[in-house]
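The chain contents come next:
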Amino acid sequence: AVVSTQSTGIPTGQVLGLSKLARIAEMFTRRLQNQERITKQIANAMIDAIKPSGVGVVVEATHMCMCMRGVQKSGAVTMTSTMMGTFLDDPRTRNEFLQFCRNR
């Protein structure tokens, strides 16, 4: 699969550098598992690492099984998301993050 991730957290003290976010995403996307689980694992890893008040993760993937086998739909993209903490509880925060993901 070709994967793109958008993730953010609201820090409460510690922050993660961009390279660490990329490493977290890469670590989970290399394993053979479903996209929903990957999305949740990235969010949980961010929470474990820096204990933010909220985390939002969106994973967008093109699955080769859709492009090369079966229905052969090139360009078919699957998106999954998970929100925790402030991103789950505050609609304004969640909408701001999702709007950013749409406009990237």
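The structure we're discussing is the one just above.
The following paragraphs examine the structure supplied in this document. Keep in mind the model is a prediction, meaning the values are calculated, not measured.

## Points about unusual backbone geometry
Phi at lysine 51 is positive, roughly 50°, even though this residue is not glycine. Note on placement: lysine 51 falls in the loop between helix 2 (35–50) and strand 2 (54–62).

## With respect to the pattern of salt bridges
Applying the stated rule across the entire model yields 1 salt bridge. The partner of arginine 30 in a salt bridge is glutamate 26, with the nearest N and O atoms 2.5 Å apart. Relative accessible area serves as the criterion here: at 40%, glutamate 26 is assigned to the partly exposed category.

## What about the sheet that holds strand 2?
Within the open sheet, the 3 strands sit side by side as 1-2-3. Their pairing is antiparallel. With partners counted over all chains shown, the strands left at the sheet margins are strand 1 (2–10) and strand 3 (78–85), one partner each. Averaged over all adjacent pairs, the angle separating strand axes in this sheet is 10°, with direction ignored. Where strand 2 and strand 3 come together, 8 bridges link them in antiparallel fashion.

## Notes on helix 1 (residues 18–29)
For helix 1, which comprises 12 residues, the first-to-last C-alpha distance of 17 Å matches the rise-based estimate of 16 Å (1.5 Å per residue) to within 8%. Burial in helix 1 covers these residues: Leu21, Ile24, Ala25 and Phe28. Seen end-on, helix 1 carries its buried residues on one side only, within an arc spanning 95°. Contacts made by the buried residues of helix 1 are with strand 1 and helix 2.

## Notes on the environment of threonine 8
Tracing the chain through its elements places threonine 8 in strand 1. On the basis of relative accessibility, which here comes to 25%, the residue threonine 8 falls in the partly exposed class. Separated by 45 residues in sequence, threonine 8 and serine 53 have C-alpha atoms that sit 11 Å apart. Excluding anything up to four places from it in sequence, threonine 8 contacts Met46, Gly54, Val55, Gly56, Phe87 and Phe97.

## With respect to the packing of helix 1 against helix 2
As a packed pair, helix 1 and helix 2 sit with axes 9 Å apart at the nearest point and diverge in direction by 140°. With respect to helix 2, the axis of helix 1 lies oblique. Like other packed secondary-structure pairs, helix 1 and helix 2 cross with a definite hand, here right-handed. Touching Leu21, Ile24, Ala25, Phe28 and Thr29 of helix 1 are Ile38, Gln41, Ile42, Ala45 and Met46, all from helix 2. Classifying every residue of the contact of helix 1 with helix 2 by side-chain character gives 8 nonpolar, 2 polar and no charged.

Definitions and limits used
Residues numbered from 1 in each chain as written. Predicted model: local features only at pLDDT ≥ 70, side-chain atom pairs only at ≥ 80, totals over all residues. Heavy atoms only, no water. Helix = DSSP H or I, 4+ residues; strand = E, 2+ residues; numbered from the N terminus. Salt bridge = Lys/Arg side-chain N within 4 Å of Asp/Glu carboxyl O. Buried < 20%, exposed > 50% of the residue type's maximum accessible area, 1.4 Å probe, protein only. Pairing = 2+ DSSP bridges. Axes fitted to C-alpha atoms, helices over the stretch in contact; angles between N-to-C directions. Expected span 1.5 Å × (residues − 1). Arc of directions from axis to C-beta. Contact = heavy atoms within 4.5 Å. Parallel < 35°, antiparallel > 145°, perpendicular 65-115°, else oblique. Left-handed = near helix turned anticlockwise from the far one by under 90°. Nonpolar A, V, L, I, M, F, W, Y, C, P; charged D, E, K, R; others polar.

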